[in-house]
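Residues per chain are reported as follows:
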Amino acid sequence: MNQDLRKVGVVGAGAMGRGIAQVCAAAGCSVQLVDSATDALARAIDSVRDDLSQAVAKGRLSQADADATLSRIEPVSELKQLSGCELVVEAIVEKLEVKQALFKELEAIVPADCILATNTSSLSVTALAAACASPERVAGWHFFNPVTRMRVVEVIQAPRTALEAVQALVSLSKRIGHRAVVTSDSPGFVVNHAGRAFVTEGLKLLAERTAEHQVLDGILRTCAGFRMGPFELLDLTGLDVSVPVMESIHGQYYGDDRYRPVTLARTRLLAGLLGRKTRQGFYSYEGKPAAPPSSPPAGLSDDKASPEVSMWWPVDGPAALPSSITALLPVERRVAQAHEADVLLLAPLDTDLSSAVAELRLDASKVIAIDPVFGSANGVTLMSCPATSAATVDAAQRVFAARSIPSFVIADSPGYVAPRVVACIVNLACEMAQQGIAAPDDIDAAVRLGLGYPFGPLEWGDRLGADRVLQILKGLHATFEDPRYRPSPWLVRRARLSLPLSAPDRLA
Ligand SMILES: NC(=O)c1ccc[n+]([C@@H]2O[C@H](COP(=O)([O-])OP(=O)(O)OC[C@H]3O[C@@H](n4cnc5c(N)ncnc54)[C@H](O)[C@@H]3O)[C@@H](O)[C@H]2O)c1
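What counts and how
Residues numbered from 1 in each chain as written. Predicted model: local features only at pLDDT ≥ 70, side-chain atom pairs only at ≥ 80, totals over all residues. Heavy atoms only, no water. Near = heavy atom within 4 Å. Polar contact = N/O pair within 3.5 Å; in protein donor to acceptor, adjacent residues only side chain to side chain. Helix = DSSP H or I, 4+ residues; strand = E, 2+ residues; numbered from the N terminus. Nonpolar A, V, L, I, M, F, W, Y, C, P; charged D, E, K, R; others polar. UniProt positions renumbered as here; feature names shortened; annotations may be inferred. Salt bridge = Lys/Arg side-chain N within 4 Å of Asp/Glu carboxyl O. Buried < 20%, exposed > 50% of the residue type's maximum accessible area, 1.4 Å probe, protein only. Pairing = 2+ DSSP bridges. Axes fitted to C-alpha atoms, helices over the stretch in contact; angles between N-to-C directions. Parallel < 35°, antiparallel > 145°, perpendicular 65-115°, else oblique. Left-handed = near helix turned anticlockwise from the far one by under 90°. Contact = heavy atoms within 4.5 Å. Phe/Tyr/Trp six-rings, centres within 6.5 Å; stacked < 30°, edge-to-face > 60°. Right-handed = clockwise from strand over helix to strand, strands pointing away. Core = buried A, V, L, I, M, F, W, Y, C linked by side-chain atoms within 4.5 Å.

- As recorded in an unreviewed UniProt entry, the chain goes by 3-hydroxyacyl-CoA dehydrogenase and comes from Variovorax rhizosphaerae.

1. Quick notes on the site of the ligand
Part 1: For the ligand, the set of nearby residues contains 20 residues, the closest of which are M16, D35, E94, K99 and S121.
Part 2: Measuring from an oxygen atom of the ligand, one finds a side-chain N or O atom of K99 at 2.7 Å.
Part 3: Of all the secondary structure elements, the ones that give two or more residues to the shell around the ligand are α1 (15-26) and α4 (96-107).
Part 4: For the shell around the ligand, the per-class residue count stands at 10 nonpolar, 7 polar and 3 charged.

2. So, the UniProt feature "domain: 3-hydroxyacyl-CoA dehydrogenase NAD binding" (unreviewed entry) in the chain
Part 1: Under the UniProt annotation, "domain: 3-hydroxyacyl-CoA dehydrogenase NAD binding" (unreviewed entry) lies at residues 7-185.
Part 2: Across residues 7-185, helical content stands at 39% and strand content at 21%; the span's end C-alpha atoms are separated by 26 Å.

3. Concerning the pattern of salt bridges
Part 1: All chains considered together, the criterion is met by 27 salt bridges.
Part 2: Where D4 meets R175, a salt bridge forms, and the shortest distance between an N and an O atom there is 3.0 Å. Of the two residues, D4 sits in the segment before β1 (7-11) while R175 sits in helix α6 (residues 163-175), which places them 171 residues apart along the sequence.
Part 3: D4 gets classed as partly exposed once you look at its relative accessible area, which sits at 36%.

4. Digging into the sheet that holds strand β6 (residues 138-142)
Part 1: Read across the open sheet, the 8 strands follow the order β3-β2-β1-β4-β5-β6-β7-β8; overall the sheet is mixed. Sheet topology places β3 (73-75) and β8 (179-184) at the edges, where each strand pairs with a single neighbour. Taking each pair of neighbouring strands and ignoring which way they run, the sheet shows an average axis angle of 25°.
Part 2: Bridge count between strand β7 (residues 152-157) and β8: 6 bridges; the pairing is parallel.

5. Here we look at the environment of L206
Part 1: As for its placement among the helices and strands, L206 is situated in helix α8 (residues 196-207).
Part 2: For the pair formed by L206 and V262, sequence separation is 56 residues and the distance between their alpha carbons is 9.3 Å.

6. Quick word on the packing of α8 against helix α10 (residues 230-237)
Part 1: At a closest axis distance of 9 Å, the pairing of α8 and α10 adopts a crossing angle of 115°. Classed by the angle they form, the pair α8 and α10 counts as roughly perpendicular. The two elements α8 and α10 cross, and the hand of that crossing is left-handed. Within the contact between the two elements, α8 uses F198, V199, G202, L203 and L206 and α10 uses P230, F231, L233 and L234.

7. Considerations on the packing of aromatic side chains
Part 1: Scanning all chains against the criterion turns up 10 aromatic pairs.
Part 2: Pairing F198 with Y453 gives two aromatic rings, centres 5.7 Å apart and planes at 55°, and the pair type is tilted. Remark: Y453 occurs in the loop between α17 (440-451) and α18 (457-464) and F198 occurs in helix α8; sequence separation between them is 255 residues. Comparing F198 with Y453 shows no difference in burial state: the two are buried.
Part 3: With a centroid separation of 5.0 Å and 85° between ring planes, the pair formed by F226 and Y453 is classed as edge-to-face. Of this pair, F226 sits in the loop between α9 (213-222) and α10 while Y453 sits in the loop between α17 and α18, and the two are 227 residues apart along the sequence. The same class applies to F226 as to Y453, namely buried.
Part 4: Here a set of aromatic residues connected by ring pairs shows up, and it is made of F198, F226, F374, Y453, F455 and W460.

8. Section: the side chain of S186
Part 1: Mapped onto the elements, S186 comes out in the loop between β8 and α7 (191-194).
Part 2: Since its relative accessible area comes to 12%, S186 is described here as buried.
Part 3: With near-sequence residues (within four places) excluded, S186 lies in contact with Y253 and I437.

9. Looking at the pairing of strand β12 (residues 380-383)
Part 1: Because side chains alternate across β12, one face comprises the buried residues V380 and L382, and the other comprises T381 and M383, equally buried.
Part 2: In this sheet, β12 lies alongside strand β11 (residues 367-370) in antiparallel orientation, the contact comprising 2 bridges. Each bridged residue has a counterpart across the sheet, and for A369 the counterpart in β12 is M383.
Part 3: With 4 bridges connecting them, β12 and strand β13 (residues 407-410) associate as parallel partners. Bridge pairing links V380 to S407 in β13.
Part 4: Note on the crossover from β12 through helix α15 (residues 390-401) to β13: the handedness is right-handed.

10. Notes on the UniProt feature "domain: 3-hydroxyacyl-CoA dehydrogenase C-terminal" (unreviewed entry) in the chain
Part 1: Per the UniProt annotation, the sites labelled "domain: 3-hydroxyacyl-CoA dehydrogenase C-terminal" (unreviewed entry) are residues 188-285 and 415-494.
Part 2: Secondary structure across residues 188-285 divides into 57% helix and 0% strand, with the first and last C-alpha atoms of the span separated by 30 Å.
Part 3: Taken end to end, residues 415-494 comprises 72% helix and 0% strand; its first and last C-alpha atoms sit 21 Å apart.

11. Regarding the nonpolar core
Side chains that are nonpolar tend, in soluble globular proteins, to be buried together.
Part 1: With 110 residues, the main nonpolar core has L203, F226, L329, I370 and F374 as its most contacted residues.
Part 2: Counting residues per element, this core draws most heavily on helix α16 (residues 418-434), which supplies 12 residues.
Part 3: Each residue touching L203, except ones within four places of it in the same chain, is listed here: F231, L234, M246, V262, L264, A265 and F282.

And the structure:
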């Protein structure tokens, strides 16, 4: 197979096909673009022209380069005109039988060494290849929308895909300026697989009534650094898209509890609360566009009144506060004896607050916990137990409000919100590395570029410390007795050996 692909055919000139055609043409390939709908080609060319003109207007591209790119895209009306292609990429409707029929037809047209690539997001590349006479030439080449701006692409190797086909696609990916991520053919590939934990764990926290959706979103944005929270994301994607994907991946992994969605998502889908597209999802989009709060809904962060609150916190033991948190506190308000304090502040990580209070035999009405991992001057998460009084919550929030630190209040949850969600993300990535779905650095790059998380999940796990991630998961596992939280062997072994999570197996 040709390792320097220059003649590319693209079938399907919709949102994805036109983008793929544009990036290939910009990299110097001659591109032939086909579509079964008569007006689709003209619309695609117009859209590419507009996009290039904008790049010229912003000074990112010269007019000559824009003209050259456009001139390399040839709209063609019939598949048989792709007979000289070295690579044909399909970006047509997401239906297996239709894609299989297309590849069968293409096999009779293109040269024997032409690579057939699919841009499918959810179908089995293996099943698509199996319908072809030469499955070794079939691979996945999965771009993200919009193709010109999302600079990552998954190269999917099915069991019978030739290594040369994968290498040629990786090489072309580099030429078009995309980070290639090589993955085996598995449900969700890398990006959509790695993204499971964020939304499903967010939904689980909501289903447990740990906090309202806007508080959960606020914590994950403000404290953990996600661009948007899971409920903003679900509203953007639409539950009509997200729920079937969640259910499909859960099913494809034979009901593995790590992927288990919660029933409230389907109930909301049935109710038609899809998100932005129906103007009502978790947020309302009636009237002016809804902007989810970036600070807590209680509004206490605006209250600068200096509270006369006496506090006590343990300085050692499993519920002790780390120095990153005590640095945020008025240390002069700390009293020596727990019984003298208005607020007892704990920071357990491997149990919920209720268990920590029972263990320490403290007055449960006065206790409140603070997330020791993701607390900073940007925001803190305060966690009550079922016996915590409203006065304690109010007093604790006032302490932070007086220092202009937003505080989010949640109900008891082992691992709070951000550590719990991030630990699940790290654990899932560890499991993907364990199963060899992709190499550790590819998993990290795919998640950073494809999902926009602040760090790749394995890198994030290393920043937090594998031990700490393991501690959070063990706490979740022990509290809920739910196999969803079982730690991946990749995480357990690397924690035991003090190896980075991003380190590949030495013998691999
Ligand atoms: N839109 C996304 O965010 C996204 C992201 C990654 C992958 N994908 C995948 O890319 C593919 C295309 O998605 P899209 O969003 O561009 O769809 P789209 O509906 O915008 O475009 C599909 C185009 O394919 C044409 N088409 C359909 N059947 C055809 C056939 N048999 N022969 C020739 N042309 C045909 C249609 O006329 C249409 O112009 C799907 O497999 C989808 O799952 C989509």
